[in-house]
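Reading the structure
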2 protein chains.
Amino acid sequence: MITDRIGKLRQKMQERGITVYVVPSADCHESEYVCAHYRAREYMSGFTGSAGTLVITMREAGLWTDGRYFLQAEQQLQGTGIRLFRMGEPEVPELEAYVKEKLAEGGRLGFDGRVMGAFQAERFFQAAGERGADVQMTEDLVGEIWEERPGIPDKKVFLLEECYTGEGTKKKLARVRLEMEKAGADAHVLASLCDIAWILNLRGDDIPGVPVVLSYLYMTQTSGIWYVREQVVTEEIVKKLSNLGIEIREYEKIYEDLEELTGVQKILLDKKNVNSRLLFGLPESVQVIDQSNPSELMKAVKNETELQNLRTAHLKEGLAFTRLMYWLKTHAEEEITERDVAEYLDTRRKEQVHYLEQSFAPICAWGPHGAIVHYSATEESDIRIGTDGLLLVDAGGHYLEGTTDTTRTYVLGSVSEEQKRMFTAVCRGNLNLAFAKFLYGCTGSHLDILCRKPLWQMEADYKHGTGHGVGYLLNVHEGPNAFRWKQPEAGVQPAVLEAGMVTTDEPGFYLEGKYGIRTENELVCKKGIQNVYGQFMEFEILTLTPVDLDGILPEEMTSQERDWLNAYHRQVYETLSPYMEEEERQWLRIYTRKI
Amino acid sequence: MITDRIGKLRQKMQERGITVYVVPSADCHESEYVCAHYRAREYMSGFTGSAGTLVITMREAGLWTDGRYFLQAEQQLQGTGIRLFRMGEPEVPELEAYVKEKLAEGGRLGFDGRVMGAFQAERFFQAAGERGADVQMTEDLVGEIWEERPGIPDKKVFLLEECYTGEGTKKKLARVRLEMEKAGADAHVLASLCDIAWILNLRGDDIPGVPVVLSYLYMTQTSGIWYVREQVVTEEIVKKLSNLGIEIREYEKIYEDLEELTGVQKILLDKKNVNSRLLFGLPESVQVIDQSNPSELMKAVKNETELQNLRTAHLKEGLAFTRLMYWLKTHAEEEITERDVAEYLDTRRKEQVHYLEQSFAPICAWGPHGAIVHYSATEESDIRIGTDGLLLVDAGGHYLEGTTDTTRTYVLGSVSEEQKRMFTAVCRGNLNLAFAKFLYGCTGSHLDILCRKPLWQMEADYKHGTGHGVGYLLNVHEGPNAFRWKQPEAGVQPAVLEAGMVTTDEPGFYLEGKYGIRTENELVCKKGIQNVYGQFMEFEILTLTPVDLDGILPEEMTSQERDWLNAYHRQVYETLSPYMEEEERQWLRIYTRKI
């Protein structure tokens, strides 16, 4: 099937004189997750991970993806003839270097500029230029061969009220405009859906797991235009936006409008967050101020209303997770599959008010599946959970009170001492980060080692970041805050941890073919004491569900670490138990006991 | 006295129409330590620290220095009318911002371009330009008013043999030329004395504590010119260099030669390591490739010969330090002053062969003096060591086998539990860094938190970096490796820790007016195991002298930390004891006992 599709694409390439064609993962908004309509890279390769770029030449095909997806991609690419390029591994050529090598003199590079990020496109233009090759960015070749391509959802947009957002759109617009002024920009164009949803306090349902609406926002100091498909907008929203001086125009009209832009000297945009057609369509007279969207940092710093809501969301999610754990621990004899686990968890969530949907495809991975970092059980892969082993559950939900992301690994039956040692090391890393105190000015790049240290001291590691920012009823992955020691791109400075930022703390350990362990909490950064040394910062743990004590070797922990785990479990018990049945409560007491 | 000198300088400024005059700390080579001749900033301000910049206007005078010197500068500036600007503290204006503010329209900024770094000068040019002010960089006004200015030393240069350097000059020149080629440079000019001494395998005695020779080196792919004062060069060296194709010219001739440079299109130089007269004197046709001197990284990575020699140097230094500790611990009743301690230590060093000189002015600081991070006892400040308290000794030596830098804090008599708690926290930080395992690619910015963590968890800190690179019979402070979480300058990327780099590990705790604690070892970075996770790296501790167990509270340490300290003390005992007298050995056994 995949080879057929690649064959058809090569035909189209030949017709256009294109020698190298690139299929990225994104939609027109550089989204990490995309709706079915935009899954061109998946359609062409069979690889379902959220990140990856496919390159097709007349003779070869290659897929670039990162460490999270090495195992999954290897399996899914089997038999397709597509070669896997493991990004970041030694000897693996970079995407642009490969493209450049494959572009013969006078060759032609092709891609659909609407789904290719501007920053990436500039690198391709450079590579092609150095080869004397041509670039063709207006052809959606995959679209031409894609039969029965899914459409774009048409659900209505809804307004998120101030009791959830904590800040009105008027104020948010004013803050963004102040930053535009500071940057010396007359205008600002945004394509990133989460920024737009955050500024306008609107949510949609256009991407599974990300409640945003496909749209663009254009702003000046006095006006605004929201480019959106008219069928998803209600009268109420038109009126609300009109009161804020924001006009609504048809979604695709932005390309034409930007090409004909007049009266603008400097436009603020983030090349990493607009597609290349938007950037390259601008008149030459317009100067681009390339910096992060001001709203990126603003939305990462949660306000007091959002934080209070998030505590509620995590109480709800904690109840669902803890009830799942109770069920797993007390129903070991039943025939349960990975997908049953995911369904059970989501059923428990649905008992809570204001629950909307899962914030990403849940990972319920038994035994060896746990070692596939972003495994998601499909009908084919789904397996029965055995009696002895580790079950990794990484899942989250969207509530009106915010988005959650939790991972717990459950010990079912008996596991080896080695597995417990690794389970304990992962837990220690998680606690060492969560209970860290640090001076203001530190970034997640400085703190990452606190979490990895127990594993590094054992000469082990996990091949993913320690944590990512979490959106508020937006993408579960959000920047600029993160915990990671390796920067994903050269020249990108890690963000200083600010009070109000929410970041996950999710160390893991994976043994290919055997098992996987991960423990993930969400942390809010808060101000600690200020003294002669400076402003100390610390974290509050939002996530509320036990770390499975059946996996813990207390003697492998320091007394400090045991105190931290005990304090956390006390908090879990005290917060959740009032909402639980007596039987559950009795059980919870045991699983939150002092060690 | 200081106010007189400033008065005289203002007269000179008035004569030249200069409204703001800047006096930096450096010599013509951007050296950290300078010989007496170049101590213009000290002459004008009375401040003796190694880092600081003095700015004089017709009405004001200000000194900028960093956290290491806040206390010392405050004391030394008393009564001078010079205001202290604590760099990095909130609300403290940056040097350039202050200069800009003080430069009125049409004003004139002055400095001696030979002692002003090119990178810094460019920032001043920009500040002046924005004010429409003029810059005058050829006037050494301090030189004009400085009566009885010391001369430059005239000692002979000596050759460091290959049994010490491990690599001949020919090979070093070839490695530098390869990097010049990679950078696309026809020529390369170096002013940094340590780089020049390292490449040429020559040492001198022109700066107290730094055995280098004032000179410049100019290189092309085929030729070289060493600009040096002829009276310090021997026939042997002239011959050796001539065999390597290196011509010798008079020291100051470089300015003229560079101004008249022909046949060179691109010159490699490090703007942070050449003075501004050299940079601004280049013909406009020459393009500057501004990057670190290739020799900076090369000399930071010690070769096997150097490492083997360093182990010998640290054995010698360890014997001297341990004998000092023995004397302090067994002669408590004697009347000892801080300067007696420094002298005793140096006398013990002089018993060792191949000892040359101290690698920096030793810090022997009793009680409250210990809180002055870079205290150095003068005749006036010298105090008697009391019966109960902490004595901080930070000292090092130059041996033919390399340079050392050690700090120990000794408990004399009885100290408070609080002091022991802080002493233990400092020791824990030191051990956590020294015994860390980490993946290749980490920088000192990632590892710094391991050392600070025990203090940060107590909401305390030390206001200096955790560690610096150490030269081999060169400057005791060497880049690019360092342990620090705050980068000293924006845009400077921390260096990846490479096998062979030597870096100090020196956490501390300081309570102003009370006491200071610091424990410093030197660590060599080494390769650990390579496995599926990557290349693990670790350290070997070079420094060999006990951490005073009288300050340690074992119950405040984890069992892992106690194991580490015990392993270190076992190594200290095993390495030093064969060289000690029976009485000393008995005593050492107690001070390296298992806790």
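To be clear, the structure that these remarks concern was listed above.
Starting afresh in each chain, residues are numbered from 1 along the sequence in its written order. Ligands are numbered from 1 and chains lettered from A, in the order in which they are written. Where local features are concerned, this predicted model is filtered to residues with pLDDT of at least 70; where side-chain atom pairs are given and counted, the filter is 80 or more; whole-chain, interface and lining totals use all residues. Values shown for side chains rest on all heavy atoms present in the structure; no hydrogens or waters enter the calculation.

1. Side note on the overall build of chain A
Helix and strand counts for chain A stand at 19 helices and 28 strands. Only C-alpha atoms enter the radius of gyration; for comparison, a globular chain is expected to reach 2.2 Å times N to the power 0.38, where N is the number of residues. Compactness check: chain A gives a C-alpha radius of gyration of 24 Å against a globular reference of 25 Å for 595 residues, within 12% of the reference. Across its three principal axes, chain A shows a C-alpha extent of roughly 65 × 55 × 50 Å. A simple rule labels every residue: compare its accessible area, found with a 1.4 Å probe on the protein chains alone, to the largest value its type can have, and call it buried under 20%, exposed over 50%, or partly exposed in between. Each of the 595 residues in chain A was classed as buried or not, and the buried ones make up 60%. Contact definition: two residues touch when any of their heavy atoms are within 4.5 Å. Across chain A, every contact between residues at least 6 apart in sequence was considered, and the portion connecting residues at least 24 apart equals 69%. Secondary structure counts use DSSP, requiring at least four H or I residues in a row for a helix and at least two E residues in a row for a strand, with both numbered from the N terminus.

2. Let's talk about the pattern of salt bridges
The salt bridge criterion pairs a side-chain nitrogen of Lys or Arg with a carboxyl oxygen of Asp or Glu, the two atoms within 4 Å. Considering all chains together, one arrives at 98 salt bridges over all chains under this definition. Here E478 of chain B and K302 of chain B are joined by a salt bridge, their closest N and O atoms 2.7 Å apart. Here E478 of chain B, found in strand β23 (residues 478-483), pairs with K302 of chain B, found in the loop between α13 (294-300) and α14 (304-330); they are 176 residues apart in sequence, far enough to count as distant. For E478 of chain B, a relative accessible area of 8% corresponds to the buried category. Where salt bridges share partners, they join K12, E15, R16, E139 and E144 of chain A into one cluster.

3. Details of the interface of chain B and chain A
A common way to express how large an interface is: the accessible area buried when the components associate. Facing 33 residues of chain B, the contacting portion of chain A comprises 33 residues. Buried area is understood as the total, over both parts, of accessible area removed when two parts are fitted together, assessed with a 1.4 Å probe. Buried surface at the junction of chain B and chain A, summed over both partners, amounts to about 3000 Å²; 59% is from carbon and sulfur atoms. Taken together, the connections running from chain B to chain A amount to 2 salt bridges. For K437 of chain B, the salt bridge identified is with E459 of chain A, shortest N-O distance 3.1 Å.

4. A short note on the packing of aromatic side chains
Residue and element names in this part refer to chain A. Between 30 and 60 degrees the pair is tilted, below 30 it is stacked and above 60 it is edge-to-face, where a pair is any two Phe, Tyr or Trp rings, Trp via its six-membered ring, whose centres lie within 6.5 Å. Applying the stated rule across the entire model yields 38 aromatic pairs over all chains. Centroid distance F435 to W564: 5.2 Å. Interplanar angle 5°. Geometry classified as stacked. One end of the pair, F435, is in the loop between α16 (417-434) and β21 (438-439); the other, W564, is in helix α18 (residues 559-576), and 129 residues separate them in sequence. F435 sits in the partly exposed class, given a relative accessible area of 24%. Given the relative accessible area of 9%, W564 is considered buried. Taken together, a centroid distance of 5.7 Å and an interplanar angle of 85° make the contact between F483 and F539 edge-to-face. Placement of the pair is F483 in strand β23 (residues 478-483) and F539 in strand β28 (residues 534-541), with a sequence separation of 56 residues.

Just geometry here; none of it tells us what the structure is for.
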